[in-house]
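# Understanding the architecture of this molecule
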Amino acid sequence: MYLQLTLVLSISLGIIQAVDRSNFKTCEQSAFCSRQRALRPGQSSYRALLDTLELSDSRLTLQLLNNNNKVRLLLELYRLQGNITRVKINELKPIKPRYEVPDVLITDPPTEPMSVVAQDERGVVLSLGGVDRRLYVNAQPFRLDIMEGPKLVLSINSRGLLAFEQLRMRKDTISHKITSTVGSMWDKIKNLGVALPSKAFIILFSPSPILPTLHLTPLTLQASEGEEQEMEVDQPGMWEETFKSHVDSKPNGPSSISLDFSLPGVEHVYGIPEHADSLRLKNTDGGDPYRLYNLDVFQYELFNPMALYGAVPVLLSHNTHRTTGLFWLNAAETWVDISSGQVGLCGRTDGSGEVPQTDVRWISESGIIDVFIMLGPRPADVFSQYASLTGTQAFPPLSSLAYHQSRWNYNDQEDVAAVDRGFDEHDIPYDFIWLDIEHTDGKRYFTWDKNNFPQPKDMLQGLMDKRRKMVTIVDPHIKVDSSYKIHSEIRSRGYYVKNKDGGDYEGWCWPGNAGYPDFTNPEMRTWWASMFAYDQYEGSMENLYTWNDMNEPSVFNGPEVTMLKDALHGPWEHRDVHNLYGLYVQMATAEGQIRRSGGLERPFVLSRSFFAGSQRYGAVWTGDNSAEWGHLKMSIPMCLSLGLVGISFCGADVGGFFKTPGTELLVRWYQAGAYQPFFRAHAHLDTPRREPWLFGPDNTALIREAVRQRYALLPYWYLQFYQAHRTGQPVMRPLWVEYPEDVTTFTIDDGYLIGRDLLVHPVTDEGSRGVTVYLPGNGEVWYDVHTFQRHDGALHLHIPVTMSTIPVFQRGGSIICRKNRIRRSSSCMENDPFTLYVALDPQGNAEGELYVDDGHTFKHETDRQFIHRRLRFTSNTLSSRSAPPPGNTIPFPTASWVEKVVILGAQEPKAVTLTSSGGGESSVEFEFDPVTLVLTLRKPDVNAGVDWTLQLQ
């Protein structure tokens, strides 16, 4: 066993040079995917039984009949508040319950009344609100169409790919039961009816010597509507499946589901992260579908639909008229096929008069069909609709938006102290330093290596004295060791995942033999949260936060480096819940951080694995990337895709986790990372040290400047996360989100927006001497944030670049607040002044916001203590007024003031006068640059939390 474990760990330590694709399944190697994909488009085998229709205030139910096997399904339709339609399909009478995903929806979605507009033998027409929004239920073959006036928005099952493998008894089990009672049951079997066509035989062997062996043709049972139900023929992989040396016993047999959606007029679809691929999803015809199955993939490949660490089953479609979202609520292994082309009114054609259409097919191994159709119509509407279902991005502590320094591993307390001093000596700010698995006592989480970290509180206090923080890793695999408190308690409480025989499931991971807590159990999550209490997690303090890695879950000796699918979480198989595991780990950890502070402090938890709803619990990152230019470039579409499905707090390991970056790549990665939501440098154990000052003074200066730009913009980043928390809008967003009618933006994934007002186009090509940036917005203007040069929108702009260039532009018509006094950490800048950058649009107007609170507690919610100001420039007047959400607020006392105002695209005034509440009028110094048209107002020195007006005369 030792030799086997050593081999597994050596692979994990990065000796391999690239992902071993043979460790991970293709669709052809996945029995259910292969089986479902063999079903070709055509007329559906299902019809709707209109005489079973029932309509209540909250839902419509209708039975669907499979014309082939006579199995009935139950269709449920809901009209939800906010222009959302929910479609659920389950077996009408399953032999046992099928898994329905809990804990992802933040509440039972509120419904709105549905009404029948028309009905005949062909189908039913339902109103979805408004005068022209309708849902058409076609009976034979079954199909759903959502119409808006004469326009078809979306069709369901128009390609006839609805497939629902009903739960059943295994045939050899049925044969045994019939044989053992054949004498006494013979009359009953005859009454049910026995068909005698010339088909394959079922042979029943009697256990009794008195009874003869019977040879029967296929047994058919009478269905309730008087039609025969024929027993289906088993196919390979239905009841047992082998991948490499791993056997999946499949005690419940085949249970997969499939459904197709057609989106007329659509050529561009996005979402379904996580994949290392372009922002716009590609056609999967002729290749593998996109796979959603959380896996620990070492050194993943680019431009590949294979599964990675997280799975969010949300897809967005977009054209110039509408944005639509599909949320497939299923936590089992899922494959998504995408087929784009041209269709005519009667289907796909090669003739004239064609329109674009994208067809999407979802295939999941188990569970039920539960899909939310978010009808937009604007991108912002879809984000709000999805947020109403799964919640918004957690509002993080402000310090977590600053810079994080990490590697696997800092060796000991002195190493931590030396790195900390190094940042001060080289005048580079940082807020968090991270410790990987080597800080523990033999990979026992919630512990410290007593030789290398003998006084963790002293170490943490040293960081706290500088207003800095630490993150330690806490993984969800627990070393099997009877002397280890965490393991002993989990085992004694029965909280481990079980194997198919009922014993504790064990696998190999970093500690060696490990157990895996069952985080689907709320009691286990509550206990796990209690372990973060200061009296339980020895050596922890309030400035210690948490990193959940390997939570797919990663099992080095498991199939596809994860858990066996027939492992048990209470009554459910792991195959049913797999993609939820990482979400539950992060949920329990975040709850532990909240509880340890008595509910006062906001948590910060980074998770590698995620699912829909993970945004409520913290941050994610793109996993084990490599020090390659392609991985730097790919970090942009990967984080953009996550933002589209609610997870805004995303970043990539700066410099790449595997391999060693050259200095040019490292500098460019810092410049890109400084403008991504989560900003952390991280590196593999076997790579050379790469603290920012180790690459010569010139490169140190370039990295320092990139980090300082991040710190100056922290007020803007914090505002964007506040807005994301309130509304569900992504922080880092594709250009098409704000310019939905500009088709040029639909495929751009090398430039992006932070909020509405900053456009970033990092340099991601080796040896680049220039980049071409698309500035959207016909009739708009953009300002280079470094030179203040003005550029017109709706054009491609070529920009010469040097190693110091980070192309960033501020939208004309916006006001952005910065803090330009950079200190050693964000907390040290708490009371520092603001500089306002007012970028005028062609009409001479601009607006923006400023948000301030204490930066770390929940008092902005519990006590409503915050400052939210609306800033507006119009008619040569700049004003600041309170802009709180509904309800009373308690003014947050801030010592910060407005130190400077920089107006871009201005005209020279004769005088500037400040009027503030309780302060009277005063003159303000200014200077004007006639070449750049920049007006600088100096020292208005007005508190950031009061009303004030600056009048340009």
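Scoring rules and cut-offs
- Residues numbered from 1 in each chain as written.
- Predicted model: local features only at pLDDT ≥ 70, side-chain atom pairs only at ≥ 80, totals over all residues.
- Heavy atoms only, no water.
- UniProt positions renumbered as here; feature names shortened; annotations may be inferred.
- Phe/Tyr/Trp six-rings, centres within 6.5 Å; stacked < 30°, edge-to-face > 60°.
- Helix = DSSP H or I, 4+ residues; strand = E, 2+ residues; numbered from the N terminus.
- Buried < 20%, exposed > 50% of the residue type's maximum accessible area, 1.4 Å probe, protein only.
- Expected span 1.5 Å × (residues − 1).
- Axes fitted to C-alpha atoms, helices over the stretch in contact; angles between N-to-C directions.
- Parallel < 35°, antiparallel > 145°, perpendicular 65-115°, else oblique.
- Contact = heavy atoms within 4.5 Å.
- Nonpolar A, V, L, I, M, F, W, Y, C, P; charged D, E, K, R; others polar.
- Core = buried A, V, L, I, M, F, W, Y, C linked by side-chain atoms within 4.5 Å.
- Polar contact = N/O pair within 3.5 Å; in protein donor to acceptor, adjacent residues only side chain to side chain.
- Salt bridge = Lys/Arg side-chain N within 4 Å of Asp/Glu carboxyl O.
- Pairing = 2+ DSSP bridges.
- 1 Å grid on protein atoms, 1.4 Å probe; cavity = no way out; pocket = protein on both sides within 12 Å on 5 of 7 lines; lining within 4 Å.
- Points joined across faces, edges and corners; volume = space filled by probe spheres on them.

Looking up the protein in an unreviewed UniProt entry gives the name Neutral alpha-glucosidase AB, with the organism given as Esox lucius. We quote the UniProt Pathway (unreviewed entry) comment for the protein here in full: "Glycan metabolism; N-glycan metabolism."

## A look at the packing of aromatic side chains
Taken as a whole and judged by the stated rule, the model has 44 aromatic pairs. Their ring planes at 55 degrees and their centres at 5.8 Å tell us that Phe395 and Tyr722 sit as a pair that is tilted. Pair noted here: Phe395 is in the loop between helix H5 (379–390) and strand E26 (403–405) and Tyr722 is in helix H15 (residues 714–727), with a separation of 327 residues, a long-range link. As far as burial versus exposure is concerned, Phe395 and Tyr722 are alike and both buried. Judged by centre distance (4.9 Å) and plane angle (80 degrees), the rings of Phe519 and Trp528 are edge-to-face. With respect to burial, Phe519 and Trp528 carry one shared label: buried.

## Observations concerning H15
For H15, spanning 14 residues, the distance from its first C-alpha to its last is 20 Å, which sits close to the expected 20 Å at 1.5 Å a residue. Restricting attention to buried positions, one finds in H15 the residues Leu714, Pro715, Tyr716, Trp717, Tyr718, Leu719, Gln720, Phe721, Tyr722, Gln723 and Ala724. Looking at the residues trailing H15, positive phi occurs at Gly728, about 85 degrees.

## A few points about the packing of helix H14 (residues 697–712) against H15
At their nearest, the axes of H14 and H15 sit 5 Å apart, and the two run at 55 degrees to each other. What the angle tells us is that H14 and H15 run oblique. Taken together, the residues of H15 that come into contact with H14 (itself represented by Arg710, Tyr711 and Ala712) are Leu714, Pro715 and Trp717. The residue inventory of the contact of H14 with H15, partitioned by class, reads 5 nonpolar, no polar and 1 charged.

## Section: the nonpolar core
Counting 172 residues, the largest nonpolar core has Phe327, Met470, Trp528 and Tyr670 as the members making the most contacts within it. The next biggest cluster of nonpolar side chains, apart from the first, holds 48 residues, and it includes Leu77, Ala139, Val266 and Leu315.

## Details of unusual backbone geometry
A cis amide bond links Gln140 to the next residue, Pro141, at an omega of -5 degrees. Tracing the chain through its elements places Pro141 in the loop between strand E7 (133–138) and strand E8 (143–148). Along the chain, Trp408 connects to Asn409 via a cis peptide bond; the corresponding omega equals 10 degrees. If you trace the backbone, Asn409 turns up in the loop between E26 and helix H6 (413–425). The backbone of Gln299 sits at a positive phi, close to 50 degrees, despite the residue not being glycine. Its place among the elements puts Gln299 in the loop between strand E19 (290–292) and strand E20 (314–318).

## Structural notes on the side chain of Gln676
In this fold, Gln676 is placed in the loop between helix H13 (663–673) and strand E39 (679–681). Among the polar contacts made by the side chain of Gln676, one reaches the side chain of Ser635 at a distance of 3.1 Å. The contacts of Gln676, once residues within four sequence positions are left out, are Ser635, Ile636, Cys650, Gly651, Ala652, Arg710, Trp717, Met732 and Tyr752.

## Considerations on the pattern of salt bridges
Within the structure shown, the criterion is met by 60 salt bridges. The partner of Glu573 in a salt bridge is Arg575, and the shortest N-O contact between them spans 3.0 Å. For the pair Glu573 and Arg575, one class covers both residues: buried.

## What to know about the pairing of strand E2 (residues 60–66)
The element E2 is largely enclosed, with a buried count of 7 among its 7 residues. On E2, burial covers both faces: Leu60, Leu62, Leu64 and Asn66 on one face and Thr61, Gln63 and Leu65 on the other are all buried. Bridging between strand E1 (residues 46–55) and E2 involves 6 bridges; their strand directions are antiparallel. Each bridged residue has a counterpart across the sheet, and for Glu54 the counterpart in E2 is Thr61. Where E2 meets strand E3 (residues 72–80), 6 bridges bridge the pair, whose relative direction is antiparallel. Each residue of the ladder has a partner; that of Leu60, found in E3, is Leu77. Hairpin remark: E2 followed by E3, antiparallel, with 5 residues in the connecting loop; positive phi at Lys70, about 65 degrees.

## Digging into the side chain of Gln810
Inspection of the secondary structure assignment puts Gln810 in strand E47 (residues 808–811). Look past the residues within four positions of Gln810 in its chain and what remains in contact with it is Asp757, Leu758, Val781, Trp782, Tyr783, Val785, Ile815, Ile816, Tyr837 and Ala839.

## Some details on empty space enclosed by the protein
Tallied over the entire structure, the rule returns 7 cavities of 30 Å³ or more. Looking at the largest cavity, its volume works out to about 160 Å³. Lining of the largest cavity is provided by 21 residues; of these, Trp408, Trp510, Asp549, Asp624 and Phe657 occupy positions nearest its centre. Counted by class, the lining of the largest cavity contains 10 nonpolar, 3 polar and 8 charged residues. Approximately 130 Å³ is the volume attributed to the second largest cavity. As for the second largest cavity, its lining consists of 14 residues, of which Lys25, Phe243, Asp248, Pro559 and Lys565 are closest to the centre. Contributing elements (two or more residues each) for the lining of the second largest cavity: strand E15 (241–243) and strand E16 (246–248). Looking at the lining of the second largest cavity residue by residue, the class counts come to 6 nonpolar, 3 polar and 5 charged.

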